[in-house]
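The residues making up each chain are set out below.
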Amino acid sequence: MGESASAVGGGVTARDGIVRGATALATISDTPRLDAELLMAHALGLSREAMLLGRLDDLAPESFAGLLRRRLDGEPIAYITGRRAFWTIELAVAPGVLIPRPDTETLIEAAIDHFGARAPASILDLGTGSGALLLAALDIWPDAHGLGIDRSPEALVIARGNAERLGLAERARFQAGDWGEGIADRFDLVLCNPPYVESEAVLPREVAEHEPASALFAGPEGLDEYRRLAPQIGQMLAPGGVACIEIGFAQGAAVSALFRDAGFDPSIRQDLGGRDRCVILGGSS
Ligand code: GLN
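Residues numbered from 1 in each chain as written. Predicted model: local features only at pLDDT ≥ 70, side-chain atom pairs only at ≥ 80, totals over all residues. Heavy atoms only, no water.

## Description of the overall build of the chain
Looking only at helices and strands, the chain features 12 helices and nine strands. For 285 residues, the compact-globule estimate of 2.2 N^0.38 gives 19 Å, and the chain sits close to it at 20 Å. Dimensions of the chain along its principal axes, counting C-alpha atoms only, are 65 × 40 × 35 Å. Classification of the 285 residues of the chain by burial places 52% in the buried group. At a minimum sequence separation of 6, the contacts of the chain that also span at least 24 residues come to 66%. Carbon and sulfur atoms make up 51% of the accessible area of the chain, which amounts to about 12,900 Å² in all. Charge centroids of the chain, computed over 25 positive and 40 negative side chains, lie 2 Å from each other. (Helix = DSSP H or I, 4+ residues; strand = E, 2+ residues; numbered from the N terminus. Rg over C-alpha atoms; globule rule 2.2 N^0.38 Å. Buried < 20%, exposed > 50% of the residue type's maximum accessible area, 1.4 Å probe, protein only. Contact = heavy atoms within 4.5 Å. Areas by Shrake-Rupley, 256 points an atom, 1.4 Å probe, with all protein chains shown as cover. Lys, Arg positive; Asp, Glu negative; His and termini not counted. Charge placed at Lys NZ, Arg CZ, Asp CG, Glu CD.)

## Overview of the site of the ligand
The immediate surroundings of the ligand are formed by Leu-98, Arg-101, Asn-193, Pro-194, Pro-195, Tyr-196, Val-197, Ala-215 and Leu-216. In this structure, Pro-194 approaches the ligand through a main-chain N or O atom, which is 2.7 Å from a nitrogen atom. Between a nitrogen atom of the ligand and a side-chain N or O atom of Tyr-196, the distance comes to 2.9 Å. When the ligand is considered free in solution it has 300 Å² of accessible area, and contact with the protein chains removes 85% of it. (Near = heavy atom within 4 Å. Polar contact = N/O pair within 3.5 Å; in protein donor to acceptor, adjacent residues only side chain to side chain.)

## Quick word on unusual backbone geometry
Phi at Trp-87 takes a positive value of approximately 50 degrees, unusual for a residue other than glycine. Within the secondary structure layout, Trp-87 lies in the loop between β1 (83–86) and β2 (89–92). A relative accessible area of 29% means that Trp-87 is categorised as partly exposed. Of note, the phi angle at Trp-179 is positive, near 45 degrees, even though the residue is not glycine. Within the secondary structure layout, Trp-179 lies in the loop between β5 (172–176) and β6 (187–192).

## Things to note about the packing of helix α11 (residues 224–236) against helix α12 (residues 252–261)
Interhelical geometry of α11 versus α12 gives an angle of 35 degrees and a closest axis separation of 8 Å. As for the relative orientation of α11 and α12, their crossing is right-handed in sense. Residues Tyr-226, Arg-227, Leu-229, Ala-230 and Ile-233 of α11 form the contact with α12, whose own contacting residues are Val-255, Leu-258 and Phe-259. For the contact of α11 with α12, the per-class residue count stands at seven nonpolar, no polar and one charged. (Axes fitted to C-alpha atoms, helices over the stretch in contact; angles between N-to-C directions. Left-handed = near helix turned anticlockwise from the far one by under 90°. Nonpolar A, V, L, I, M, F, W, Y, C, P; charged D, E, K, R; others polar.)

Pasting the structure below:
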C-alpha cells in the first residue's frame, strides 16, 4: 500500500496520478476512479468538475500521496475531503456525523411528492447529524423554516456550520434533544434518519471503523429507535403534514407494524435500487 501511494507523487500530472491512484484503490473501493478523482480535486483545491474540465494537466500536488494513503487504509472519502454532496447541496462532514447517503434522498423525494405544488412551512429533522435532510429541504422550499434535533453536541456544531455556509442559517435552528422530547410545536414535514442497524450486524470496515456507532446501531433488530419514535410522531405532525422516516431495506413490515400500532396508516417508498427505504406517515387533516 505504501508503495502504490508514494508512486503517485513527484512530477506526475493529475491525470496520471488519478489513473495510478484508481489502480491502487481498486483493491479496497467499489468506486476507485471516482475516489481518486475526488482526492485529486481536493489536493488541487478544486471542485471535481473544475478539475475534470480543464486542470488534468496540472502537476499532482505532493499532498495527493498522503490522501491516497489514508483512503487505502480504509478512511471514507468524505472524512478525508471533509465534504459530501447530498441532493442539491454540499455538506461539511467529520467523523462525529454519519456521512449522508444517496439512499437517504428517498425521504426528500417522498416529501416532494407529498406536497406537490404546495410547500411545507415548517420542517423538523430528528437526528439531523450534518443537517443533511433539513438543509436539503430548506434549499427546496425557500419560504420554509426548520428545526434540527440531535443528541450529539458535536453534530450540532457541524450542522450549524453547514447552515451558515449554505446561507440557510436564518431559517434553520438546531437544538440538542432526544427525538421529540420537549418539542411543543407541530411541523408540516418531519424527516428522520434514525439509527436502524442490528447491533450484531457486520458492516463494511470503512463504516464500522469510522462512522459514529450512535448514528448506526439500534438494538438486536435495529428497531429500538422506531419503538421510541412511534408514540411521539403524532404530536409533532401538523394537520395535512407528513413524516418521512428512513428504514433498513428489510424492515418495511416490522416498522410499518410499529407505526400502525401508533395509529398511522404507513406507506413505503423504495430507493433507486428498488429496496424499501422510507416509511411515509400522513398527518390527520
Ligand atoms: N444505511 C446506513 C448504512 O450504511 C445506516 C444508516 C442508519 O442507521 N441510519 O448502514
